Amino acid sequence: MKFNFSRFFKKDAKGQALPQKDLVITIHGFGFKTMHEFDPLAEYLEKEGFEVWQFSYFNPNDPDDTDISQWMRRCETRIQQAIAQRRTIHLVGFSMGGIIASHLASIYSIEDLLLAAPAFYPFDFNQVSRVAKNKIMPKSDNAAPSMSGEHTKGFVSVVQNFRNDILKVKCPIFILHGTGDEVVQYKSSRKIFNQIPNKEKALVFLHHAKHRFLYDGPYQSLAFSLIRDYFRHEIKPQIYQDDDLDNEDDH
């Protein structure tokens, strides 16, 4: 079977193929906001010369859309589309999406992996559900009153089934986590970071940042610039080591 890749490339006025932009694929977390939680980051990265693909891999308003195998298949389809186009893929996952992004990076050819507040060890699944309802997604007339119990079970299944896949990731890994995270404690990222055998890894803590720092004004500019520079290979952040973090109050 032959594939015609030329149709994927844009051409200039002379018919010459134009170089493709690096591609960022986003994997959203658990909550009603789904792919739109990446809107601010996507807008920023597109202005910085990247192409960004956003999509929703489950419908929180559909009580029957709780099959995690379907969630994973939808994510894999997007990765496969990008690979078919011979794209340079930067993969970013938020919260539960960090677990899924890690799984994808463990089986597909990814340039690098960025995890924002990944939910490797969420300490309270009921808290996750409450925050998904009340904080991560502002209330609206069109939103369901809360995430269904079956959707929450899907979250639990994702963590239980795919959490350890990050240990098999070969591409560079960069984790960002706020020390004020009220959903997934920052120590969760430290715990998984210490288990990752991949030497190309970095962990950066954002002091007092909450779970939704990717679309919570005070920390956006800092997080976005770090993500941009990481995807450009302009920085290799050092591991943030501060013994005082262990003494901070849990949020």
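A. View of the sheet that holds strand β6 (residues 201-206). Reading across the sheet, the six strands line up as β2-β1-β3-β4-β5-β6 and stay open at both edges, with parallel pairing between neighbours. Whereas interior strands pair on both sides, the edge strands pair on one side only; in this sheet they are β2 (51-53) and β6. Within the sheet, the average angular offset between the axes of one strand and its neighbour, ignoring direction, is 20°. Inspection of the sheet shows strand β1 (residues 23-27) paired to strand β3 (residues 89-94) by five bridges, in the parallel sense. What sits directly across from I27, in β3, is G93.

B. Spotlight on helix α1 (residues 39-47). Regarding α1, the residues found buried are L41, A42 and L45. Down the axis of α1, the buried set is contained in an arc of 100°. They therefore lie on one face. The inward-facing, buried residues of α1 abut β1, β2 and α7 (217-231).

C. View of the packing of helix α2 (residues 68-84) against helix α3 (residues 96-107). Across the interface, α2 lies against α3 with an axial gap of 11 Å and an inter-helix angle of 55°. Here α3 runs oblique to α2, going by the angle between their axes. Viewed along their axes, α2 and α3 form a crossing whose handedness is right-handed. Contacts from W71, M72, C75, E76 and I79 in α2 reach M96, I100, H103, L104 and I107 in α3. Within the contact of α2 with α3, the residues separate by chemical class into eight nonpolar, one polar and one charged.

D. Seen up close, the pairing of β6. For β6, the tally of buried residues reaches five of six residues, placing the bulk of the element in the interior. Examined bridge by bridge, strand β5 (residues 173-178) and β6 share six bridges and lie parallel to one another. Bridging from a neighbouring strand, H177 pairs with F205 of β6. In terms of handedness, the path from β5 via helix α6 (residues 186-195) over to β6 forms a crossover that is right-handed.

E. The environment of T179, seen in detail. Note on placement: T179 falls in the loop between β5 and α6. With a relative accessible area of 2%, T179 lands in the buried category. In sequence terms T179 and K210 are 31 residues apart; their C-alpha atoms lie 7.2 Å from each other. A polar contact of 2.5 Å, which involves the side chain of T179, links it to the backbone nitrogen of H208.

F. Here's a closer look at the packing of aromatic side chains. Under the counting rule described, the total for this entry stands at eleven aromatic pairs. Ring centres of F30 and F155 lie 5.1 Å apart, and the angle between their planes is 40°; this geometry places the pair in the tilted category. On the criterion of sequence distance, the pair formed by F30 in the loop between β1 and α1 and F155 in helix α5 (residues 149-162) is long-range, its members being 125 residues apart. We classify F155 as buried; its relative accessible area is 1%. When the centroid spacing of 5.7 Å and the interplanar angle of 40° are considered together, the rings of Y230 and F231 count as tilted. Grouping residues by exposure puts Y230 and F231 together as buried. In this structure an aromatic cluster arises from ring pairing among F30, Y57, F58, W71 and F155. We note K33 situated over the ring of Y215; from NZ or CZ to the ring centre the distance is 5.3 Å. Over the ring of Y121 we find K191, and its NZ or CZ is 4.2 Å from the ring centre.

G. Representation of the nonpolar core in the model. Ranked by size, the top nonpolar core spans 47 residues in total, and within it I25, I27, Y57, L91 and L113 carry the most contacts. Residues within four places of I25 in sequence aside, it is in contact with W53, F55, R78, I79, A82, I89, H90, L91 and V92. Counting 27 residues, the second largest nonpolar core, distinct from the first, contains V52, F94, L114 and Y230.

Conventions adopted
- Residues numbered from 1 in each chain as written.
- Predicted model: local features only at pLDDT ≥ 70, side-chain atom pairs only at ≥ 80, totals over all residues.
- Heavy atoms only, no water.
- Pairing = 2+ DSSP bridges.
- Helix = DSSP H or I, 4+ residues; strand = E, 2+ residues; numbered from the N terminus.
- Axes fitted to C-alpha atoms, helices over the stretch in contact; angles between N-to-C directions.
- Buried < 20%, exposed > 50% of the residue type's maximum accessible area, 1.4 Å probe, protein only.
- Arc of directions from axis to C-beta.
- Contact = heavy atoms within 4.5 Å.
- Parallel < 35°, antiparallel > 145°, perpendicular 65-115°, else oblique.
- Left-handed = near helix turned anticlockwise from the far one by under 90°.
- Nonpolar A, V, L, I, M, F, W, Y, C, P; charged D, E, K, R; others polar.
- Right-handed = clockwise from strand over helix to strand, strands pointing away.
- Polar contact = N/O pair within 3.5 Å; in protein donor to acceptor, adjacent residues only side chain to side chain.
- Phe/Tyr/Trp six-rings, centres within 6.5 Å; stacked < 30°, edge-to-face > 60°.
- Lys NZ or Arg CZ within 6 Å of the ring centre and 35° of its normal.
- Core = buried A, V, L, I, M, F, W, Y, C linked by side-chain atoms within 4.5 Å.

Note that every value here comes from positions in space, so none of it alone points to a role or purpose.
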